[in-house]
Amino acid sequence: MKNATTIYSKLLIAAAISMLLVACKSTPMKDDAAVEDKSAGSTSTADGSDVKGAVIDGSSSDGSMNELNDPNNILSKRNIYFDFNSDAIRAEFRPNVEAHAQYLQAHTNAKVTLQGNADERGTREYNLSLGQRRSVAVKTALNLLGVSDSQIETVSYGEENANPACADDDCFQADRRVEIVYPNE
Amino acid sequence: MYIIKFMTFLTIGFLSLVANAALDIEITGGDAQQTPIAVVPFGNAKSMKEDLAKIISDDLYRSGLFRLLNTSGMPNLPINAAQIKYPEWAALQAQAVVVGNISTLSDGRLNVTFQLVDVLKQQPLVDMDFQMQAKHARMTAHKIADVIYEKLTGIPGAFASRIAYVQKLGERHFLYVADSDGYNAQSLVNSNEPVISPSWSPDGSKIAYVSFEKKKPIVFVHTLATGDRKIVANYKGNNSAPAWSPDGIRLAVVLTYGANSQIYTINATGGDLKSVTKSRGIDTEPAFSPDGKWIYFTSDRGGKPQIYKTSANGGGEVSRVTFEGAYNVSPRFSPDGTKLVYIRNDGGRFRVAMQDLTNEQVQLLSEGSQDESPSFSPNSRVILYATKKGARGSLASVSFDGKVRQSLSEARGDVRESAWGPMLK
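Note that the structure is a prediction, hence the values are computed from the model and not measured.

Basis of the calculations
Residues numbered from 1 in each chain as written. Chains lettered and ligands numbered in written order. Predicted model: local features only at pLDDT ≥ 70, side-chain atom pairs only at ≥ 80, totals over all residues. Helix = DSSP H or I, 4+ residues; strand = E, 2+ residues; numbered from the N terminus. Buried ≥ 20, exposed ≤ 12 C-beta atoms within 10 Å, placed from the backbone. Contact = placed C-beta atoms within 7 Å. Nonpolar A, V, L, I, M, F, W, Y, C, P; charged D, E, K, R; others polar. Pairing = 2+ DSSP bridges. Axes fitted to C-alpha atoms, helices over the stretch in contact; angles between N-to-C directions. Core = buried A, V, L, I, M, F, W, Y, C linked by C-beta atoms within 7 Å. Domains from an automatic or database assignment. Parallel < 35°, antiparallel > 145°, perpendicular 65-115°, else oblique. Left-handed = near helix turned anticlockwise from the far one by under 90°. Expected span 1.5 Å × (residues − 1). Arc of directions from axis to C-beta.

K.L.:
Can you tell me about the overall build of chain A, naming the residues and giving the values?
P.N.:
Looking only at helices and strands, one finds six helices and five strands in chain A. If you list the helices and strands of chain A from N to C, you get α-α-β-α-β-α-β-α-β-α-β. Looking at the 185 residues of chain A, the share that counts as buried comes to 33%. Taking the intrachain contacts of chain A between residues at least 6 apart in sequence as the baseline, contacts between residues at least 24 apart amount to 72%.

Okay, here's the thing in structure tokens:
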């Protein structure tokens, strides 16, 4: 247990360092920030015609969890695909869901984020909710297989990760998915 | 039908950094009965970089309700009503002439006088003056255009207002605020994660929006004048679809916790969470009615997504609003409360539909196939929306009667998530 905690804090430090590195790498954006500050520095007015902005750079950490990333292990298969406007998990993806349920039950400290996605047809907010409904469908399946609620977070990206060049359903199909993400990996 | 292109170049100066954010505005169509009007160059116009007469002309032209007459060949260019030689303007077939003059005040500000003159009656309809700082010249010109528009049409203008939109350029997402003519675009947020659903506070001083910068959707409120940005909804799961109450005190938001999207209200400064809807399906895209009593929203509780309404206080009955079509989403009110716009899936094409709330008649207004994010101008006359040209997003607008259409596009990147703000005070 103590060991696990040490590894965890090492990972956290590694994550923090990698975030710092990314922050440094993103210095080109600083130019923008500096220039924007200049415009923002002009006095604000009663009619509100001046605005001040913010520049945001974030990054996810990366590390490794071999069992999850081994391409020969079903746990590395992280995408569950859906039909149009549907949140039903197709039979072909049951083994993936079951494998992750087993992993989560064997690793009760592990947490998983189910990230729902939609294709770009329809409005962004409705698709955000549709992606969420898909992630809830996968969560419900994991719950039924015995995984605790406390290990699962559901979140949706809606159509934000969709391919803007899609013109046919083969392409849209790839966007209608739930990604199983282990935030600490 | 005619097409004329207005290039909107930003003035070179401190805003040159956002030169890429200038929207190109193109107008197609126009009202059959256009009032012929001449806007004469203002006196002392050369003393400043902004051409007030041109800004006013462009505003009036883009409304589709006016025919702008070329003044360059005129023998005399008056700068006040007394100098007008009426037969010359009658010969040009002008019904109205706008004249004006600029002078410098002792405190350095500029004084702009202008008159709108009826050529037939040979008398001024409007005689006004504005004091301004030179940097507010464009907004002053928009205010003058609003006065002229209202005097000649009987309808308040909406030129002195701003719009918000998101531009995706490479992997960056920019939330912009620009004047209604696309000029003066300034970046509010510049992020490597998506930004969606900008929503103007009723007084135009703040914008609520959804940012994914923390790897999940969170609702922020951004104060334009100070740049202060505050997280107002960061609950477990998704936080999205902010919509202001008409008094600016509450925000309707959509939260998920571990389940499907449901509607809540919170204080616009965060906290005091109250539940509005409770269903097993999706409830999202809330919009307050202008009287503040109702929240209209999208729900798939009946199987397919449709628009419903319920009491803004929550816990009340829910009744269905849309009945035609199998997919109606994104309700937004006209500020005068008489109309509702939303997006309908019309045989695979997602188009802007407008429902007249006085007689429930529905009209399809937009001509695209992936149109989204409709919002009304502050005078309830024009609907701004996001559309797609090929794989690229751009903005477009259409008058409520479908007669006047504009296309607003960026030279680069993808533009989406439009929202028209209130009038500037």
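K.L.:
Let's hear about the interface of chain B and chain A: which residues, and what values?
P.N.:
Buried accessible area, meaning the area lost when the parts come together, often serves as the stated size of an interface. At the junction of the two partners, chain B supplies 55 residues and chain A supplies 42 residues. Counting only elements with at least two residues in the side of chain B that touches chain A, the list comes to β10 (186-191), β11 (195-200), β15 (239-244), β19 (283-288), β23 (328-333) and β31 (414-423) of chain B. If one sorts the elements of the side of chain B that touches chain A by residue count, β10 of chain B sits on top with six residues. Classifying every residue of the side of chain B that touches chain A by side-chain character gives 22 nonpolar, 23 polar and ten charged. Where strand β1 (residues 54-56) of chain A meets β10 of chain B, three bridges bridge the pair, whose relative direction is parallel. What sits directly across from Val55 of chain A, in β10 of chain B, is Asn190 of chain B.

K.L.:
If you had to explain the environment of Val40 of chain B to someone new, which residues and values would you point to?
P.N.:
Locating Val40 of chain B in the fold gives a position in the loop between β3 (35-39) and α1 (52-62). When the C-alpha positions of Val40 of chain B and Tyr209 of chain B are compared, they lie 42 Å apart, and in sequence the two are 169 residues distant.

K.L.:
Outline the pairing of strand β14 (residues 229-233) of chain B, supporting the account with residue identities and numerical values.
P.N.:
Residue and element names in this part refer to chain B. Sheet topology note: the strand β13 (residues 218-223)/β14 ladder contains four bridges and is antiparallel. Note on β14: the bridge partner recorded for His222 is Arg229. Turn length for the β13-β14 hairpin, with the two strands adjacent in sequence and antiparallel, is five residues, and the turn residue Gly227 shows positive phi of about 80°.

K.L.:
Please set out the pairing of strand β17 (residues 262-267) of chain B residue by residue, giving values where relevant.
P.N.:
All names here are of chain B. Taking burial as the measure, the six residues of β17 include five buried ones, the bulk of the element. As paired strands, strand β16 (residues 250-255) and β17 are joined by six bridges and run antiparallel to one another. Its bridge partner being in β17, Val253 is matched across the sheet by Tyr264. The turn joining β16 and β17, which pair antiparallel and follow one another in sequence, is formed by six residues; a positive phi near 50° is taken by Tyr257. The sheet contact formed by β17 and strand β18 (residues 274-275) spans two bridges and is antiparallel. Paired with Tyr264 across the strands is Ser275, a residue of β18. Between β17 and β18, which pair antiparallel in sequence order, lie six residues; one of them, Gly270, sits at a positive phi of approximately 100°.

K.L.:
Explain the environment of Pro75 of chain B residue by residue, including any values.
P.N.:
By the element assignment, Pro75 of chain B lies in the loop between β4 (66-68) and α2 (86-91). For the pair formed by Pro75 of chain B and Ile163 of chain B, sequence separation is 88 residues and the distance between their alpha carbons is 39 Å.

K.L.:
Break down the sheet that holds β14 of chain B for me, with residues and values.
P.N.:
Residues and elements named next belong to chain B. Judged by pairing direction, the sheet is antiparallel, and its four strands sit side by side in the order β11-β12-β13-β14 without closing on themselves. The strands lining the two open edges of the sheet, one partner per strand, are β11 and β14. Within the sheet, the average angular offset between the axes of one strand and its neighbour, ignoring direction, is 30°. Summarising the sheet, strand β12 (residues 206-211) and β13 pair through six bridges and their orientation is antiparallel. For Ile207, the partnering residue across the bridge sits in β13 and is His222.

K.L.:
How would you sum up the nonpolar core? Please name residues and give values.
P.N.:
It is characteristic of soluble globular proteins that their nonpolar side chains tend to be buried jointly. All names here are of chain B. Judged by nonpolar contacts, the single largest core of 86 residues is most densely connected at Ala164, Leu175, Tyr176, Leu251, Val253, Ile295 and Ile383. In this view, Leu175 contacts Ala164, Val166, Leu188, Val189, Val195, Pro198 and Tyr209; residues no more than four positions away in its chain are not counted. Counting residues in each nonpolar core, the second largest holds 43 residues, with Ile37, Ala53, Ile56 and Trp89 among its members.

K.L.:
So, the domain arrangement of chain B: which residues are in play, and what are the values?
P.N.:
Residue and element names in this part refer to chain B. For chain B, the assigned domains read domain 1 (35-153) and domain 2 (161-423). Taken residue by residue, the interface counts six residues in domain 1 and nine residues in domain 2. Of all the elements, α1 adds the most residues to the side of domain 1 that touches domain 2, at three residues. The class makeup of the residues in the side of domain 1 that touches domain 2 is no nonpolar, two polar and four charged.

K.L.:
Give a detailed account of the packing of helix α4 (residues 94-106) of chain A against helix α5 (residues 124-144) of chain A, specifying residues and quantitative values.
P.N.:
Residue and element names in this part refer to chain A. The N-to-C vectors of α4 and α5 enclose an angle of 60°; their axes lie 9 Å apart at closest approach. Considering their axes alone, α4 and α5 lie oblique with respect to each other. In the crossing of α4 with α5, the sense of the turn from one axis to the other is right-handed. In contact with Val97, His100, Ala101 and Leu104 of α4, α5 contributes Val138, Ala141 and Leu142. Of the residues belonging to the contact of α4 with α5, the class tally is six nonpolar, one polar and no charged.

K.L.:
Report on α4 of chain A, specifying residues and quantitative values.
P.N.:
All names here are of chain A. Helix length check: α4 (13 residues) gives 18 Å between terminal C-alpha atoms against 18 Å at 1.5 Å per residue, within 8%. Within the span of α4, buried status applies to Val97, His100, Tyr103 and Leu104. Burial along α4 is one-sided: seen end-on, the buried residues are contained in an arc of 125°. Exposed and facing more than 90 degrees away from the buried side of α4 are Pro95 and Ala106.

K.L.:
For the packing of α1 of chain B against helix α3 (residues 137-153) of chain B, give the residues involved together with the corresponding values.
P.N.:
All names here are of chain B. With their axes 9 Å apart at the nearest point, α1 and α3 run at an angle of 50° to one another. Judged on the interaxial angle alone, α3 and α1 are oblique. Like other packed secondary-structure pairs, α1 and α3 cross with a definite hand, here right-handed. Residue-level contacts link Leu52, Ile55, Ile56, Asp59 and Leu60 of α1 to Ala137, Arg138, Ala141, His142, Ile144, Ala145, Ile148 and Tyr149 of α3. Each residue belonging to the contact of α1 with α3 can be placed in one class, and the counts come to ten nonpolar, one polar and two charged.

K.L.:
Account for the sheet that holds strand β20 (residues 294-299) of chain B, with residues named and values stated.
P.N.:
All names here are of chain B. With antiparallel pairing, four strands are arranged side by side in an open sheet as β19-β20-β21-β22. The open sheet is flanked by β19 and β22 (318-320), the only strands paired with a single partner. Averaged over all adjacent pairs, the angle separating strand axes in this sheet is 30°, with direction ignored.

K.L.:
For α5 of chain A, give the residues involved together with the corresponding values.
P.N.:
Residues and elements named next belong to chain A. Here α5 spans 30 Å end to end across 21 residues, near enough to the 30 Å set by a 1.5 Å rise per residue. When you tally the buried positions in α5, you get 17 out of 21 residues, the bulk of the element. Two residues or fewer after α5 comes Gly146, characterised by a positive phi angle close to 100°.

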